[in-house]
Amino acid sequence: MKIEVRLFASLAAYADHGDMDSEGCLNLEGPATIRDAVLRLGVPEQEIKLVFLNGVGASLDSSLKDKDRVGIFPPIGGG
């Protein structure tokens, strides 16, 4: 299955570590979860604060299907 993955802020550096294509898509063998995608990209789970699946809050254990869109955010500080 092909899913679109967007890694934000400091996590963007991991986009080059997996098998993501130039369009930000990752091919996974099904069935798969968001955790499987994270592991494939080498993103440390402790660096993840928020996960979205098709624009809705999700967990790392959420199941994926072909053409899903995943957004992954780290904790963001500021002030």
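Going by the structure above, here's the rest.
Given the structure is predicted, the values throughout are model-derived calculations rather than measurements.

K.L.:
Whenever I open this one, the sheet that holds strand S4 (residues 50–53) confuses me. Can you help?
P.N.:
Where strands meet in a sheet, backbone hydrogen bonds hold them as pairs that are either parallel or antiparallel. Strand order across the open sheet formed by five strands is S2-S1-S7-S4-S5, with mixed pairing between neighbours. Bordering the open sheet on either side are strand S2 (25–27) and strand S5 (56–57), each of which pairs with just one other strand. Alignment of S4 against strand S7 (residues 69–73), held across four bridges, turns out to be antiparallel. Within the sheet, the bridge partner assigned to Leu-50 lies in S7 and is Phe-73.

K.L.:
Sorry, what's going on with the pairing of S7 here?
P.N.:
Look at any regular strand and the pattern is simple: side chains alternate between the two faces of the sheet. Bridge analysis of strand S1 (residues 2–7) against S7 gives four bridges, and the strand direction is parallel. The partner of Glu-4 across the bridge, within S7, is Arg-69.

K.L.:
Sorry, what's going on with unusual backbone geometry here?
P.N.:
A negative phi holds for most residues other than glycine; trans holds for most peptide bonds. Backbone geometry at Asn-54 places phi at a positive 55°, although glycine is not the residue there. Along the chain, Asn-54 turns up in the loop between S4 and S5. The phi dihedral of Lys-67 is positive, around 75°, even though this residue is not glycine. Looking at the secondary structure, you find Lys-67 in the loop between strand S6 (63–64) and S7.

Conventions and cut-offs
- Residues numbered from 1 in each chain as written.
- Predicted model: local features only at pLDDT ≥ 70, side-chain atom pairs only at ≥ 80, totals over all residues.
- Heavy atoms only, no water.
- Pairing = 2+ DSSP bridges.
- Helix = DSSP H or I, 4+ residues; strand = E, 2+ residues; numbered from the N terminus.

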